[in-house]
Amino acid sequence: MMIGVRWRKVLRDLSTNKIRTMLVVLSIAVGVFAIGMVAGTYEIISRDLSSSYKAVNPAMATIYSSTFKEEFVETIRKIKGVTGAEGRRTLSMRVKVAPDKWQKLELSVIPDYKDIHINKLKLISGSWPPPERQMLIERSGLDDLKVGVGENVEVESPDGKKRSLRIAGVVHDINQSPTAFSGRIYGYITLDTLDALGLTRDLDTVNITVEGNPPSEEYIAQVGQTVWDKIEKSGRKVFWMYKNKPGEHPAQSTIDALLMTLGGMGILSLVLSGFLLVNTISSLLTQQVRQIGVMKAIGASTNQIIRMYIMYVIIYSLLALVIAVPLGILAAGTVSKFIASYINFDVTGLAISYPVLLAEVTAGVLIPVLAALYPVISGARITVREAINSYGVGSAGGIGSGMIDHITRRIKGVSRPTLLSFRNTFRRKGRLALTLITLTASGVIFISIFSVRESMMLTLDDALDYFKYDIEMDVKNWSRVEQLEQVAMDVPGVSKAESWSFDGARLLKSDERESESTNILIMAPPSGTQMLKPIVLQGRWLVPEDENGIVINTDVLKDHPNVKVGDRLSIKLSKSEKQKTYWTVVGIVRGVMAGPFVYANYSYFSKVIGKPGQGINVFAVTENRDSAAQMQVAKTLEKHFKDVGIPLSRVQTMSDTKSQIQSQFNVIIIFLLVMALMLAIVGGLGLMGTMSINVLERTREIGIMRSIGASNWAVRRIFIVEGVMIGILSWMLAMIIAIPISKLFSNLLGNAFMHAPFSFAFSIGGAILWLIIVIVLAAVASFLPAWNASRLSIREVLAYE
């Protein structure tokens, strides 16, 4: 009989105090939702990305070399350790996407579409294989191309000739970045179409797989080196080799970093919800202290009372799980599809495994129960005499109460309700401390996230300011620097022009193993260039006296983390007669998510590659620097260079470069904003819970104030001002703590994504936004329960317990 009574009491208390129940349930649900979303997203992506990637049998190593015939691939297949080898060719071309707009087109030549075993393609629609003079298009490029299957597009081949190709079909290639992310459209043709483009039926790329399930990275490098040596012994030149981590998509590490960050915020939000639970249970025990005394007087044991109040927590948790689990599954699907759109793979479904559900249930029940143990055990140990003599919910005071009373008595010119609000703010210091911890922690993370976002945007601005030109042009054939600059200056709208030298190269980790190398781009600007404003992190920028001195960017450090100023590096240049050249690092500059760049002085570098006085690209500054003006001048430049007999192979405006870099930043920013939203919700719920408890505890005080003439609005105002004071106090604490935390977060994310800290900027806007949020939440959180209490009759209020 006693057991039934206890559980009926639990259910009655939960249903009677609906606002309190709702706030606690929602607070727990936010944390469980975040954990479910992150764990579910990780599982979906790991499952679908892994299965999709393995289904195409990705190349374990790809070797780029000078051209060879298809028959040569058979020689590579016979090398010990090689389980599969297929040859392809990659052509950098352009495709017309609008009347006066061309876009990069990367064409892959596949010899035999009926026998693809490595880096397979998935046909979505159209013909397979593509007929002669037709091409397949990777699905992510359709929006930019604005044509459908069966329609023709105009392409420009490397020799400058324009031809028409028909779209034969659409394919999915998981090995390619989406066009929106890379700026390239990907196409696939046959050797017959290569003939029709006026090019020889040669290949230049070998994809290989090696023995092992899975093989080690060291073994892949070893077999790759053997293939490398075999190609060079045949009289061909190897440019570089790219190696994959066995069975792991190249973007997996970036995804893991993002999800770990989001997961950390989810766990933090659940921990913060525990503070609200502590406040709620403490308040409930204080409110029901006489009831505890009565239960003990009629025979209830301390353990029975502990179990009864723990049941409150378990019911809160179960209600939270009912809300959070399905929402977490839906959110996991949405986030997974968002990530998939940036990586170019498909999400197959929303099925969540038992381990993910178990993690949600464990976190959603265990953390709240642990948070509630101390107040429950402390409250249940009270003796019958102490319980019966307690003043219950109206009791207050404690350490520091006299000091607060002394301060309030000395304040002049402030209304009595406001002074009462100030006094009540510090009335229950333990609850105030927990509320401030929750709100301050939420505020710190919220402001820090906005500061990281601000820092990222400042870094982007710095990156774009890094390049002081508006248009970049690659020339098809080497020409005199003076001629290139003069031709560019002859075009109306160009205010400045410079011609540089550059070369694709390999940065070697050792002279013995060339396969252990990184593909880099060496840019050689003239001394005193005005087209670059690098952000020097270590060492210095180039000076005219530098000969074999180079400056590297932080993107180089991703594969060579131990390189520092003063190191001597071995670099193999594609255009140099020397097998290897040696350079000394004089400085390290921040990368701008554009790849590993190395800078050398033009005068020395042009001699090393045997092209003194000649340039291969041109950088121009436009008089009007907006996006439309850049595009118009770029078109004029391309036409003018062609008219004077110097065709261009590539024209890129800074506005296009900016949009590509922004697309990379946007992924991180969206994740940060999701985290900020979650923490704002938890902080808001914590404050609402505290103010609801405060109003419930003072219900009888409200009745007394109303009975002596206080209006309902005057009573409500006391609680609103109290809530706003708590909010402002938490905001002040958050502002102080957020400055170093923001800097720490900014540095961590910068090092994770750019191998250098972001340019730090504290978000004043984020701080002001959080202040507005806490004030609004405080006012609403205080007004609603006070308004409900003020609707009760004076008799009901005075009788409340």
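Definitions and cut-offs
Residues numbered from 1 in each chain as written. Predicted model: local features only at pLDDT ≥ 70, side-chain atom pairs only at ≥ 80, totals over all residues. Heavy atoms only, no water. Helix = DSSP H or I, 4+ residues; strand = E, 2+ residues; numbered from the N terminus. Contact = heavy atoms within 4.5 Å. Areas by Shrake-Rupley, 256 points an atom, 1.4 Å probe, with all protein chains shown as cover. Salt bridge = Lys/Arg side-chain N within 4 Å of Asp/Glu carboxyl O. Core = buried A, V, L, I, M, F, W, Y, C linked by side-chain atoms within 4.5 Å. Buried < 20%, exposed > 50% of the residue type's maximum accessible area, 1.4 Å probe, protein only. Axes fitted to C-alpha atoms, helices over the stretch in contact; angles between N-to-C directions. Parallel < 35°, antiparallel > 145°, perpendicular 65-115°, else oblique. Left-handed = near helix turned anticlockwise from the far one by under 90°. Polar contact = N/O pair within 3.5 Å; in protein donor to acceptor, adjacent residues only side chain to side chain. Pairing = 2+ DSSP bridges. Expected span 1.5 Å × (residues − 1). Patch = residues over 30% accessible without salt bridge, like charges linked within 9 Å, V, L, I, M, F, W, Y side chains within 5 Å. Phe/Tyr/Trp six-rings, centres within 6.5 Å; stacked < 30°, edge-to-face > 60°. Lys NZ or Arg CZ within 6 Å of the ring centre and 35° of its normal. Arc of directions from axis to C-beta.

1. Section: the overall build of the protein chain
At step 1: Counting secondary structure elements, the protein chain contains 23 helices and 20 strands.
At step 2: Taking the intrachain contacts of the protein chain between residues at least 6 apart in sequence as the baseline, contacts between residues at least 24 apart amount to 81%.
At step 3: Of the roughly 34,100 Å² of accessible surface on the protein chain, 59% is carried by carbon and sulfur atoms.

2. Regarding the environment of Leu357
At step 1: Of note, Leu357 is situated in helix H11 (residues 354–380).
At step 2: Distance in space between the C-alpha atoms of Leu357 and Gly36 is 7.5 Å, their sequence separation being 321 residues.

3. Digging into the pattern of salt bridges
At step 1: Taken as a whole and assessed by the stated rule, the structure comprises 14 salt bridges.
At step 2: Here Lys564 makes a salt bridge to Asp567, at a shortest N to O gap of 3.5 Å.
At step 3: Each member of the salt-bridge network shares a partner with another, and the members are Arg94, Glu156, Lys162 and Glu638.

4. Side note on the nonpolar core
At step 1: Ranked by size, the top nonpolar core spans 96 residues in total, and within it Ile522, Ile550, Ile552, Ile571, Leu573 and Tyr599 carry the most contacts.
At step 2: Setting aside chain neighbours within four positions, we find Tyr599 in contact with Tyr466, Met523, Leu532, Trp541, Leu542, Gly549, Ile550, Val551 and Val589.
At step 3: With 42 residues, the next largest nonpolar core counts Ile63, Phe68, Val155 and Ile220 among its residues.

5. Some thoughts on the packing of helix H9 (residues 289–297) against helix H10 (residues 302–343)
At step 1: Interaxial distance between H9 and H10 falls to 10 Å at its minimum, and their mutual angle equals 135°. On the basis of the axis angle, H9 is oblique to H10. Two packed elements cross with a definite hand, and for H9 against H10 that hand is right-handed. Only Thr302, Ile305, Met308 and Tyr309 of H10 make contact with H9, whose side of the interface consists of Ile292, Met295 and Lys296.

6. Side note on the side chain of Arg163
At step 1: In this fold, Arg163 is placed in strand E7 (residues 162–172).
At step 2: From its side chain, Arg163 meets the backbone oxygen of Ala196 in a polar contact 3.4 Å long.
At step 3: Contacts of Arg163, omitting those with residues within four sequence positions, involve Val153, Glu154, Val155, Ser157, Ala196, Leu197 and Gly198.

7. A few points about the pairing of strand E3 (residues 101–109)
At step 1: Note: strand E2 (residues 82–98) against E3, nine bridges, orientation antiparallel. Following the sheet pairing, Met93 is matched in E3 by Leu105.
At step 2: Counting the residues in the hairpin turn of E2 and E3 gives two residues.
At step 3: Sheet topology places E3 next to strand E8 (residues 184–189); six bridges connect them, and they run parallel. Along E8, the bridge assignment pairs Val109 with Ile189.

8. Notes on helix H2 (residues 18–55)
At step 1: Between its first and last C-alpha atoms H2 spans 52 Å; for 38 residues at 1.5 Å apiece the expected length is 56 Å, and the two agree.
At step 2: Directly beyond the C-terminal end of H2, a positive phi value near 50° is found at Asn57.

9. Section: the side chain of Ser763
At step 1: Topologically, Ser763 is positioned in the loop between helix H21 (712–754) and helix H22 (764–790).
At step 2: The residues touching Ser763, leaving out its near neighbours within four places in the chain, are Ile447, Phe450, Ser451 and Glu454.

10. Examining a nonpolar patch on the surface
At step 1: On the surface, Ile19, Met22, Leu26, Val322, Ile323, Leu327, Leu330 and Leu350 cluster together to form a nonpolar patch covering roughly 650 Å² of accessible area.
At step 2: For the nonpolar patch, the elements supplying multiple residues, two or more each, are H2 and H10.

11. Quick word on the packing of aromatic side chains
At step 1: Scanning the model with the defined rule gives twelve aromatic pairs in all.
At step 2: An angle of 20° between the planes, with centres 5.2 Å apart, marks the rings of Tyr309 and Tyr312 as stacked. Pair noted here: Tyr309 and Tyr312 are both in helix H10, with a separation of three residues, about one helical turn.
At step 3: Here Tyr309 falls in the buried class, since its relative accessible area comes to 0%.
At step 4: Exposure remark for Tyr312: the relative accessible area of 1% places this residue in the buried category.
At step 5: Aromatic side chains Phe446 and Trp770 sit 5.0 Å apart centroid to centroid with 35° between the ring planes, which places their arrangement in the tilted category. Here Phe446 is found in helix H15 (residues 429–466), whereas its partner Trp770 is found in helix H22, with 324 residues between them in sequence. By the burial criterion, Phe446 is buried, and Trp770 matches it.
At step 6: An aromatic cluster is built from Phe467, Tyr469, Trp500 and Phe619, whose rings are joined through pairwise contacts.
At step 7: The ring of Phe72 carries Arg236 above its face, with NZ or CZ at 4.4 Å from the centroid.

12. Structural notes on helix H16 (residues 481–489)
At step 1: For H16, every residue scored as buried is listed here: Val481, Leu484, Val487 and Ala488. In an axial view of H16, the angular spread of the buried residues amounts to 135°, which keeps them on one side of the axis.
At step 2: Among the structural elements, strand E11 (471–480), strand E12 (494–508), helix H17 (602–608), strand E19 (614–622) and helix H18 (627–643) are those in contact with the buried residues of H16.

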